[in-house]
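Spelled out, the chains give:
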Amino acid sequence: MEINSKLRPDGENMGPEDLGLEVRDLTVKYGSLTAVNQVSFTVAPGHMLALLGPSGCGKSSLLRAIAGLEPAVSGTVSFGGEDLSRTPTHRRGFGMMFQDGQLFPSRTVAGNIAYGLHGLGWSKQQQQERVAELIDLVGLSSMADRDIATLSGGQAQRAALARSLAPNPRCLLFDEPLSALDRGLRERMVSVIGEIMQTTGTTGVYVTHDQDEAFALADQIAMMNQGKIVQLASPAQLWLQPADRTVAEFLGYGPFLDRTEITQLEAAKPLQELLDRNGGRWIALEPAAVELADPHFRSQAAGLADSATQPAGTEPAGKPAATIEVMVTAAKAGRGVWDVDAKMLAHQVSFTAPMSQPKPQPGQLLKVQIREDRIVAIK
Ligand SMILES: Nc1ncnc2c1ncn2[C@@H]1O[C@H](COP(=O)(O)OP(=O)(O)OP(=O)(O)O)[C@@H](O)[C@H]1O
């Protein structure tokens, strides 16, 4: 076993217990197509890294190569300092959880979880105890004897999680495990997975194209595009400093205003200064960066004289970085507000207006402000 010689912050050599998953220069090809292109990253023990990126960017190929299910043409995968490049999948000590769970439909929940323990040399009693422990952990205690085919999608994924964790893997590899579930269920399962990974201290790699899942679960997010990692950062760093426009677009930033467009805004000095400070090409707006200008204007725009009280459904205005008049293209009722779409320069923007006032009409001009705390400069 080869131990990488690395130093801990205290200057001591790192032992296997300090080294988690290490992927070095990994490349996966299908014929002439390079699906994963010299990718490197490390995941500290007990931490979770999310691989996030658009469809076809190489996330699953990378995960499968880490598991040993896909041959790598070059590069290494190691865990605890041990090079696993030539170790077959079942000897790597890794677990996997997929979108469809890959459970046996005719077996019970307990039977499926026990399946993950075959071949480990455990006694029948040890196996039974472990199965009961896992069933409890994922909250399926009352369903141990139910056939998988009779479970809901969320319950089945809990069973799949229990089965992957049963052999106590040192690293769990998730491939879009929640993408078949509806949003509400997905959010609940994200909490379940997060809690269980923390309780068990398992290291994880989580493939997803859903940024909410990545942000909620990961300590580090690797943004992939065309087989490469374009940015590796904590969720906060990724959000506050997207490496380039592709990353920002994927995260949901937009529109992107260039310098010429910024000159068409009123009081846009903060935007210009931000671009100058960062040497950026665009100012990217967060989803909630645009809001109606001050409440006085809101009242005037709606044809109401009384602006002394804050209208229901509006939040206190943020610090404006610039203002501009926009033309309403559509409005519909939301929860306590009008959800308004409007044209700002050549871009489409969305914001809310108080429902206590008349519904904004297509063609109507409204003054909006761009919040200074919801913009970033992009190179
Ligand atoms: N078995 C295969 N044979 C040939 N090409 C493949 C194979 N598997 C994947 N590819 C190609 O490799 C590239 C990366 O695919 P991969 O499935 O790794 O991407 P992904 O990011 O996981 O996508 P998705 O989110 O859609 O699952 C794609 O262009 C895909 O068409």
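For clarity, every value in this text was computed on a predicted model and none was experimentally measured.

(A) Molecular detail of the overall build of the chain. In terms of regular secondary structure, the chain is built from 11 helices and 18 strands. The burial tally for the chain puts 36% of its 379 residues in the buried class.

(B) Representation of the sheet that holds strand S13 (residues 290–292) in the model. Pairing is antiparallel across the open sheet formed by five strands, whose spatial order is S13-S17-S14-S15-S16. Two strands close off the open sheet at either side, each with one partner strand: S13 and strand S16 (347–354). Neighbour-to-neighbour, the strand axes of this sheet turn through a mean angle of 50 degrees, independent of strand direction.

(C) Fine view of the site of the ligand. Within the structure, the ligand sits among Tyr30, Leu33, Ala35, Gly53, Ser55, Gly56, Cys57, Gly58, Lys59, Ser60, Ser61 and His209. Only strand S2 (33–43) and helix H1 (59–67) provide two or more residues apiece to the shell around the ligand. Broken down by element, the shell around the ligand gets its largest block of residues, three residues, from H1. The residue makeup of the shell around the ligand, split by class, is four nonpolar, seven polar and one charged.

(D) Highlighting the UniProt feature "domain: ABC transporter" (unreviewed entry) in the chain. Taking the numbering used here, the UniProt-annotated feature "domain: ABC transporter" (unreviewed entry) corresponds to residues 21–251. The span residues 21–251 carries 35% helix and 27% strand; its end-to-end C-alpha distance comes to 26 Å.

(E) Quick peek at the domain arrangement of the chain. If you check the domain split of the chain, you get domain 1 (16–248) and domain 2 (283–378). Centre-to-centre, using C-alpha coordinates, domain 1 lies 42 Å away from domain 2.

(F) Spatial organisation of the nonpolar core. Ala50, Ile113, Ala162 and Leu173 are the most contacted members of the largest nonpolar core, which has 101 residues in total. Among the domains, domain 1 (16–248) and domain 2 (283–378) are the pair contributing at least three residues each to this core.

(G) How the structure looks around the packing of helix H4 (residues 153–165) against helix H5 (residues 183–200). Axis separation between H4 and H5 bottoms out at 11 Å; the angle between their running directions is 20 degrees. In terms of orientation, H4 lies roughly parallel with respect to H5. Crossing of H4 over H5 shows right-handed handedness. Across from Gly153, Gly154, Gln157, Arg158, Leu161 and Leu165 in H4, the residues of H5 making contact are Leu185, Arg188, Met189, Val192, Ile193, Ile196 and Thr200. For the contact of H4 with H5, the per-class residue count stands at seven nonpolar, four polar and two charged.

(H) Fine view of H5. Its 18 residues give H5 an end-to-end C-alpha distance of 26 Å, which sits within 8% of 26 Å, the value for a rise of 1.5 Å per residue. Those residues of H5 that sit buried are Arg186, Met189, Val190, Ile193 and Met197. Seen end-on, H5 carries its buried residues on one side only, within an arc spanning 115 degrees. Along H5, exposed side chains directed more than 90 degrees from the buried face belong to Gly184, Ser191, Glu195, Gln198 and Thr199. Buried residues in H5 make contact with strand S3 (48–52), H4, strand S8 (203–208) and helix H6 (211–217). The positive-phi residue at the C-terminal boundary of H5 is Gly201, with phi of around 65 degrees.

(I) Here's a closer look at the confidence of the model for the chain. Predicted confidence across the chain gives a mean pLDDT of 88, with 89% of residues reaching 70 or more. In the model, residues 1–5 has pLDDT below 50 throughout and makes nine contacts with residues more than four positions away in sequence or in other chains. Scored as a whole, the predicted complex attains pTM 0.85, and scored at its interfaces, ipTM 0.97.

Cut-offs used in this document
- Residues numbered from 1 in each chain as written.
- Predicted model: local features only at pLDDT ≥ 70, side-chain atom pairs only at ≥ 80, totals over all residues.
- Helix = DSSP H or I, 4+ residues; strand = E, 2+ residues; numbered from the N terminus.
- Buried ≥ 20, exposed ≤ 12 C-beta atoms within 10 Å, placed from the backbone.
- Pairing = 2+ DSSP bridges.
- Axes fitted to C-alpha atoms, helices over the stretch in contact; angles between N-to-C directions.
- Near = placed C-beta within 6 Å.
- Nonpolar A, V, L, I, M, F, W, Y, C, P; charged D, E, K, R; others polar.
- UniProt positions renumbered as here; feature names shortened; annotations may be inferred.
- Domains from an automatic or database assignment.
- Core = buried A, V, L, I, M, F, W, Y, C linked by C-beta atoms within 7 Å.
- Parallel < 35°, antiparallel > 145°, perpendicular 65-115°, else oblique.
- Left-handed = near helix turned anticlockwise from the far one by under 90°.
- Contact = placed C-beta atoms within 7 Å.
- Expected span 1.5 Å × (residues − 1).
- Arc of directions from axis to C-beta.
- pLDDT = per-residue confidence, 0-100.

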